[in-house]
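# Tertiary structure, described
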Amino acid sequence: MVETVRNARSERGRMGEKVRFAIRIMIFLLCAGIGFFSAYQIAEGAHTASRYTPDTQLNSTNAILIDLESSAILLDHNGADKMYPASMTKILTAVVAMEHIRDLDEIVSLNEAIFQPIYNENAATAGYMPGESVRAIDLLYGLLLPSGAECAVGLAEYAAGSESAFVKLMNDKAREIGMKGSNFTNTTGLHDRNHYSTAMDIAILFQYALANDTFYEMITSARYSAPATNRHADGVTFYSSFFSRITSPALDGGRILGGKTGYTNEAGQCLASFAVKNGRQYILVTSGAAGNNQTQKLHIDDAFAVYGALR
């Protein structure tokens, strides 16, 4: 487990208020960084050991690479431009759900009415069924690993009474943590022209989420087995949509620790990932790669290329 995030997590347990303050300062620094660094320019942070030297053309139209130790923006390729986040939206859905559901062992009943719209959109699901009673923690794993849309809506209805009420909480949280270029209209990331973000905003969100112990455990998991329910006597096993698309997370000098993929026709292939390379941690957010879930994984190719160019 990477040292900086581990320290943040343990500090959060002992001094929650101080960590929340520190996160706000970090977010401010990230937002301020946009104005100082141009596309593909190396940024000097408090430490100068890390460098990014681009040696390949990105498939993605938008990209942000951040050194988490120094908060330096090492790569800004249209990072402040409006884009569609697709299922990277579910990072925010997970954060808001965890902050509004007191006990993640609470049982959530999945309303039958949420399923038909999901089926109509041909959205990804985790495999839960109408009327199924599921622990909130298992819905969170189903949300982040296989990107289950039924998990997103089920958690939203349970936490806020309706998806629309939950979306308001999402937008409130986005503003609170400094996501200035974003607006959300649903919990799943299904396309809506008024549902948008920026690569920089998703990076801010991802860094905020990684400070949560539960989120960290989920996003770094390749698989998870949920216990039996009233509709699945043997339980359900989930596989990460990111880890299942790669042969190995290993990098020369490090590894990719986790990621959340996304795709719609309008968004292209998207990925929020984080990695350790030569003892330093990085977040990379990309979107707009031309492809779909049946083609070459160009967003993942970009991640390996960018992390590989770090030295």
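Quick note: structure is the one above.
Note that the structure is predicted; figures quoted are calculated from it, not measured.

### Details of the packing of helix 3 (residues 89–100) against helix 7 (residues 163–176)
It is the contact of helix 3 with helix 7, at a shortest axis distance of 10 Å, that shows an interaxial angle of 100°. Relative to helix 7, the element helix 3 is oriented roughly perpendicular. Taking contact as the criterion, the partners of Thr89, Leu92, Thr93, Val95, Val96, Ala97, Glu99 and His100 in helix 3 are, on helix 7, Phe166, Leu169, Met170, Lys173 and Ala174. Looking at the contact of helix 3 with helix 7 residue by residue, the class counts come to 8 nonpolar, 3 polar and 2 charged.

### Here's the deal with the packing of helix 3 against helix 8 (residues 199–210)
Interaxial distance between helix 3 and helix 8 falls to 10 Å at its minimum, and their mutual angle equals 40°. Compared by their axis directions, helix 3 and helix 8 come out oblique. Helix 8 is crossed by helix 3, and the crossing has left-handed handedness. Contact residues: Ile91, Leu92, Val95 and Glu99 in helix 3; Leu205, Phe206, Tyr208 and Ala209 in helix 8. Residue composition of the contact of helix 3 with helix 8, grouped by class: 7 nonpolar, no polar and 1 charged.

### What about the sheet that holds strand 2 (residues 73–77)?
Spatially, 6 strands are ordered 2-1-10-9-8-7 in an open sheet, and the strand pairing comes out antiparallel. Among the strands making up the open sheet, the edge pair consists of strand 2 and strand 7 (250–251). When strand 7 meets strand 8 (residues 254–264), the two strands line up antiparallel, connected through 2 bridges. Within strand 8, the residue paired with Leu251 across the bridge is Gly254.

### A word on helix 6 (residues 149–160)
Compared with the 16 Å implied by 1.5 Å per residue over 12 residues, the 17 Å span of helix 6 between its first and last C-alpha is a close match. Within the sequence span of helix 6, burial applies to Ala149, Glu150, Cys151, Ala152, Val153, Gly154, Leu155 and Ala156. Close packing links the buried residues of helix 6 with helix 3, strand 3 (107–109), helix 4 (115–120), helix 5 (136–144) and helix 7. Looking one or two places after helix 6, you find Gly161, whose phi comes out positive at around 95°.

### Let's talk about the nonpolar core
Ranked by internal contacts, the top residues of the largest apolar core, which has 72 residues, are Tyr128, Leu140, Phe206, Phe215 and Phe238. With 10 residues, the top contributor of residues to this core is helix 8. Residues contacting Phe215, with those up to four places away along its chain left out, are Ile91, Ala94, Met98, Leu144, Phe206, Ala209 and Leu210. Counting residues in each nonpolar core, the second largest holds 22 residues, with Ala72, Phe242, Leu271 and Ala303 among its members.

### Some remarks on the pattern of salt bridges
Enumeration over the complete set of coordinates arrives at 8 salt bridges. One salt bridge in this structure joins Arg280 and Asp67, with 2.7 Å as the shortest N-O distance. Residue Arg280 is found in strand 10 (residues 280–289), and its partner Asp67 is found in strand 1 (residues 62–67); the two are separated by 213 residues along the sequence. For the pair Arg280 and Asp67, one class covers both residues: buried. Between Asp105 and Arg135 there is a salt bridge, with its nearest N and O atoms 3.3 Å apart. Placement of the pair is Asp105 in the loop between helix 3 and strand 3 and Arg135 in strand 4 (residues 133–135), with a sequence separation of 30 residues. Connected via shared salt-bridge partners are Asp67, Glu69 and Arg280.

The rules behind the values
- Residues numbered from 1 in each chain as written.
- Predicted model: local features only at pLDDT ≥ 70, side-chain atom pairs only at ≥ 80, totals over all residues.
- Heavy atoms only, no water.
- Axes fitted to C-alpha atoms, helices over the stretch in contact; angles between N-to-C directions.
- Helix = DSSP H or I, 4+ residues; strand = E, 2+ residues; numbered from the N terminus.
- Parallel < 35°, antiparallel > 145°, perpendicular 65-115°, else oblique.
- Contact = heavy atoms within 4.5 Å.
- Nonpolar A, V, L, I, M, F, W, Y, C, P; charged D, E, K, R; others polar.
- Left-handed = near helix turned anticlockwise from the far one by under 90°.
- Pairing = 2+ DSSP bridges.
- Expected span 1.5 Å × (residues − 1).
- Buried < 20%, exposed > 50% of the residue type's maximum accessible area, 1.4 Å probe, protein only.
- Core = buried A, V, L, I, M, F, W, Y, C linked by side-chain atoms within 4.5 Å.
- Salt bridge = Lys/Arg side-chain N within 4 Å of Asp/Glu carboxyl O.

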